[in-house]
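These are the residues of each chain, in order.
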Amino acid sequence: MSLRFTVPHARKLMIAHLLAGFMVSGLAQAAPVVAKVAPLKSKQTMADLIKASSNTDWRPLNPDNTLYMELEKGRVVIELAPDFAPNHAQNIKALVREGYFDGLAIVRSQENYVAQWADPDEKREVKTAKRQLAGEFTVKYASSLPFTRLPDVDGFAPQVGHANGFPAGRDPKAGTAWLAHCYASVGVARGAESNSGDGTSLYVVTGHAPRQLDRNITVVGRVMQGMELLTTLPRGKGNLGFYEKAEERTPIKSIKIAADVPEAERSKLEIVRTDTATFKSIVEAQRNRGGDWYKVPAGYIDLCNVPVPVRAQK
C-alpha cells in the first residue's frame, strides 16, 4: 500500500468517526458552551498601596553599597548585597575604586538571558583587588538576617522570600540562604572552577529568570534603576550573545560608588521595605488581582514576579 493512498484514507476515517460522534451526542449543530464567571471583587492595587504607604515603609539605597554605571544613554543604579556575598561585594568596590571598569564595555547581550560587561581583551591590570575568590553561592543565615517568606511553593528552593529587598531562597535544614536569579539580578561571571569569579566580569539578568543558576553562581546585587538601558541593547550575533566586533559593544564611561559621588550628583532612590505590612499587601495584591478585567484569580505568585517597588526619595 503506498503512502499516497494511506494518508487520505486515514483522514477520511478520522473525519467520519468525529462526525458520527457529534451526530450521536447531538452536538453537531450545538453552539459552544461558555461558562459564566462571576466578576472578582475590586481590591486595592499595587498603585493604591504605594500611594497610601508611609515614609517608614521605604528605605534609601545604601550609598556605600550602591554603584553608578554611567553609559552614554544614562545611568544604571546597582545595589550590592554584602549580606549574601560579602567578599565579592568588597572586591567589586575595590575594583571600582581603582577605576578598573572605566572605559571597558558591555560585551554581551543574549536574547532572553543576560547582558554582561567585562574587559573584552582580558588584559586590564588589577591593582588592589583580588584576582581569585571562593564562590559565595550560599551563606549561612542567622535570625538577624531579615526574611519575609512567601507561602507559595517554589521549584528551586524549600523556602523563598525577600531579604532587605532582594529575592532569595533558603534551606532550613542546611541553614543556608542565597539570592535568586530574578530579572535585574546581578551576578559574577565565572569559568568552570568555583573560585574563578572575582567580579571583573559581571552580568545582569535581562530575560526570563534562569533559576537553574541559583546556588551555582554568586549573585551580588540587583539593578534598581536603568534596566531599560540594558534590556534594549542590540543582541550579540556571536556565541552566547557576545559581540563579534568592537564597534558593536556599548562603552562604559565609568562605574562609581555612590558614597564617592558628590551628594548633589547622586540618584536619590528608595526601595520599599520588604519586612513591612505594606509589602505583604503588595504581594497579595499581585497574587490575587481583583476588578473587572481579571476573571480568574491566580491564587499564586512566583518569587521573581513579586514587584519590589523603587521610587525617587521623598
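Up top is the structure these notes are about.
Values in this document were obtained by computation on a predicted structure and should not be read as measured data.

Analysis parameters
Residues numbered from 1 in each chain as written. Predicted model: local features only at pLDDT ≥ 70, side-chain atom pairs only at ≥ 80, totals over all residues. Heavy atoms only, no water. Core = buried A, V, L, I, M, F, W, Y, C linked by side-chain atoms within 4.5 Å. Buried < 20%, exposed > 50% of the residue type's maximum accessible area, 1.4 Å probe, protein only. Helix = DSSP H or I, 4+ residues; strand = E, 2+ residues; numbered from the N terminus. Contact = heavy atoms within 4.5 Å. Pairing = 2+ DSSP bridges. Axes fitted to C-alpha atoms, helices over the stretch in contact; angles between N-to-C directions.

Peer 1: Report on the nonpolar core, specifying residues and quantitative values.
Peer 2: As a rule of thumb, nonpolar side chains are buried together in soluble globular proteins. Of all hydrophobic cores here, the largest spans 38 residues; its most connected members are F84 and L179. Of all the elements in the fold, those that place two or more residues in this core are β8 (159–163), β9 (166–171), β10 (176–179), β13 (219–225), β15 (269–272) and α5 (277–287). Beyond its immediate stretch of four places on either side in the chain, L179 contacts A81, F84, F166, P167, A168, D214, V219 and G221. Of all hydrophobic cores here, the second largest spans 34 residues; its members include A115, V204, M227 and Y243.

Peer 1: Give me the pairing of strand β2 (residues 66–71): which residues, what numbers.
Peer 2: Judged by how many residues are buried, β2 sits mostly within the fold: six of six residues are covered. Burial of the side chains of β2 extends over both faces: T66, Y68 and E70 are buried on one face and L67, M69 and L71 on the other. Sheet analysis places β2 next to strand β3 (residues 74–80), joined by six bridges and oriented antiparallel. Looking across to β3, one finds that E70 is bridged to R75. Where β2 hands over to β3, the hairpin turn is made up of two residues, counted between the paired strands. Two elements, β2 and strand β14 (residues 250–257), share five bridges in a ladder whose sense is antiparallel. By the bridge assignment for β14, L71 is matched with I252.

Peer 1: Could you give me a rundown of the sheet that holds β15, with the residues and numbers involved?
Peer 2: The three strands lie next to each other as β1-β15-β16, forming an open sheet whose pairing is antiparallel. Looking at which strands have only one partner, the edges of the open sheet turn out to be β1 (58–60) and β16 (310–312). Neighbour-to-neighbour, the strand axes of this sheet turn through a mean angle of 35 degrees, independent of strand direction. Relative to β16, β15 runs antiparallel, the two being bridged by three bridges. Within β16, the residue paired with I271 across the bridge is V310.

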